[in-house]
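Topology and contacts: notes
The residues making up each chain are set out below.
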Amino acid sequence: MGDKLKLEDLKIGMKVSRSQLDTIFNIYIFLKDFELDNGDMIGIIASVTSNPSEEVRDKVFCGDFYCIINDEEDMEGDIFYEE
């Protein structure tokens, strides 16, 4: 979808792909209106935080948000999503 992004590039409401976020570590990035496109998750940034609120976590568990977090210890990153 585009070039790799840095934390300072991210803005609420911005459309991004999961692959653009590979180099942002230890930050929770929540996407809304997400979809899988050619194996890459694409969505609109709803929240960017180091400590998500209970309200935001609930939206992940309800399937409204998709959460991406790249753990610096795991250079390949982790994706958390619960239906």
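This write-up is about the structure you can find in this document. (Residues numbered from 1 in each chain as written. Predicted model: local features only at pLDDT ≥ 70, side-chain atom pairs only at ≥ 80, totals over all residues. Heavy atoms only, no water.)

**Examining the overall build of the protein chain**
- The helix and strand inventory of the protein chain stands at 1 helix and 5 strands.
- Sequence-ordered secondary structure for the protein chain, helices as α and strands as β, is β-β-β-α-β-β.
- Burial analysis of the protein chain (83 residues in total) assigns 35% to the buried set.
- In the protein chain, of all internal contacts separated by at least 6 residues, the share reaching a separation of at least 24 is 45%.
- Summed over its atoms, the accessible surface of the protein chain is roughly 5200 Å², and 45% of this surface lies on carbon and sulfur atoms. (Helix = DSSP H or I, 4+ residues; strand = E, 2+ residues; numbered from the N terminus. Buried < 20%, exposed > 50% of the residue type's maximum accessible area, 1.4 Å probe, protein only. Contact = heavy atoms within 4.5 Å. Areas by Shrake-Rupley, 256 points an atom, 1.4 Å probe, with all protein chains shown as cover.)

**Section: the side chain of Asn 70**
- By secondary structure assignment, the location of Asn 70 is in the loop between β4 (66–69) and β5 (78–80).
- The buried category is assigned to Asn 70, whose relative accessible area is 2%.

Just distances and angles here, no functional claims.
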